[in-house]
Amino acid sequence: MTTNGSYHNLQSFLLRIRNWALSNSPWLVHYNSGSCNGCDIEILATLTPRYDLERLGIKLQGSPRHADVLVCTGPVTRQSRDRLRRIYEQMPEPKFVVAVGTCSISGGVFHDCYNILGGVDQAIPVDVYIPGCPPRPEAVINGVALLLKQLQPHRAEEIDRLVVEMGVPVEEHRVNEPVELDALEEIEDEYAEPVGTR
């Protein structure tokens, strides 16, 4: 027969083991809630040997019941909202959501369409946003690394080192920092047509 103290110690030990396993090897499940498939292709490119996301301990899983992180692409449509919520509810706790691409963040080019509700955060809570249309694999890796650093703050330097070894520049993530308009005007688009030409 166990006492309350030993039961509490066993429960806390098992919780520490679960959190260690989650933070060292998160499994992803991918859901397309109505996108054009551009972001889906970039996510799959991120999992190829060129970028080798498995080096960070990440594995793509087919079932939400075994996944820790839900990676969503595309705007949430009226048809996909209930499916998205059902997938989210099937995932075990603790669970995290990553919104990949402009459409999954705000609705993108489909914003204000008759069947679009908006970004993923209109249906479920989102932990990490990865902007872009579509975001490059390097941006997806940075977003996943940001999530891993939230899960394991003591491994932040190691995660940054692994990301740099993969050839991805580590970006400093600043929250709520205003962008100067003068800096935006200085950016030149190499593909833009010169003024006065067709």
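Residues numbered from 1 in each chain as written. Predicted model: local features only at pLDDT ≥ 70, side-chain atom pairs only at ≥ 80, totals over all residues. Heavy atoms only, no water.

Time to look at the overall build of the chain. Along the backbone of the chain there are 7 helices and 7 strands. Mapped from its N terminus to its C terminus, the chain presents α and β elements in the order α-β-α-β-β-β-α-β-α-β-β-α-α-α. Residue burial in the chain is summarised as follows: out of 198 residues, 37% are buried. By sequence separation, contacts in the chain at least 24 residues apart represent 76% of the contacts at least 6 residues apart. Looking at the chain as shown, the accessible area adds up to about 12,800 Å², and 53% of this sits on carbon and sulfur atoms. (Helix = DSSP H or I, 4+ residues; strand = E, 2+ residues; numbered from the N terminus. Buried < 20%, exposed > 50% of the residue type's maximum accessible area, 1.4 Å probe, protein only. Contact = heavy atoms within 4.5 Å. Areas by Shrake-Rupley, 256 points an atom, 1.4 Å probe, with all protein chains shown as cover.)

Here we come to the packing of aromatic side chains. Throughout the structure, instances matching the rule amount to 0 aromatic pairs. Here K59 stacks its cationic end above the ring of W27, 4.5 Å away from the centre of that ring. (Phe/Tyr/Trp six-rings, centres within 6.5 Å; stacked < 30°, edge-to-face > 60°. Lys NZ or Arg CZ within 6 Å of the ring centre and 35° of its normal.)

Another aspect to go through is the packing of helix α2 (residues 38-46) against helix α5 (residues 137-151). Interaxial distance between α2 and α5 falls to 9 Å at its minimum, and their mutual angle equals 70 degrees. Our classification of the angle between α2 and α5 gives roughly perpendicular. Taking contact as the criterion, the partners of E42, A45 and T46 in α2 are, on α5, P137, V140 and I141. Taken together, the residues of the contact of α2 with α5 sort by class into 4 nonpolar, 1 polar and 1 charged. (Axes fitted to C-alpha atoms, helices over the stretch in contact; angles between N-to-C directions. Parallel < 35°, antiparallel > 145°, perpendicular 65-115°, else oblique. Nonpolar A, V, L, I, M, F, W, Y, C, P; charged D, E, K, R; others polar.)

Attention shifts here to unusual backbone geometry. A negative phi holds for most residues other than glycine; trans holds for most peptide bonds. For the peptide bond that leads from E93 to P94, omega is -10 degrees, which places it in the cis range. Here the residue pair C133 and P134 is connected by a cis peptide bond, since its omega of -15 degrees sits within 30 degrees of zero. One can find P134 in the loop between β7 (128-130) and α5.

Among the 5 residues in strand β3 (residues 69-73), 5 count as buried, and that is most of the element. Burial along β3 is two-sided: the residues V69, V71 and T73 and L70 and C72 are all buried. Note that strand β1 (residues 27-32) and β3 share 5 bridges and pair parallel. Its bridge partner being in β3, Y31 is matched across the sheet by C72. When β3 meets strand β5 (residues 96-100), the two strands line up parallel, connected through 5 bridges. Among the inter-strand pairings, V69 is bridged to a residue of β5, identified as F96. (Pairing = 2+ DSSP bridges.)

We now examine the nonpolar core. In terms of nonpolar packing, the biggest core is built from 23 residues, with L56, I58, V69, V71, V98 and V100 touching the most fellow members. Listing elements by their share of this core, those giving two or more residues are α2, β3, β5, β7, α5 and α6 (156-165). In terms of residue count, α5 provides more of this core than any other element does, 6 residues in total. Ranked by size, the runner-up nonpolar core spans 16 residues in total, among them L70, C72, L84 and A99. (Core = buried A, V, L, I, M, F, W, Y, C linked by side-chain atoms within 4.5 Å.)

Under the criterion given, the structure shown has 3 salt bridges. With its nearest N and O atoms 3.8 Å apart, the salt bridge here joins D82 to R81. Judged by relative accessible area, which is 40%, D82 ranks as partly exposed. (Salt bridge = Lys/Arg side-chain N within 4 Å of Asp/Glu carboxyl O.)

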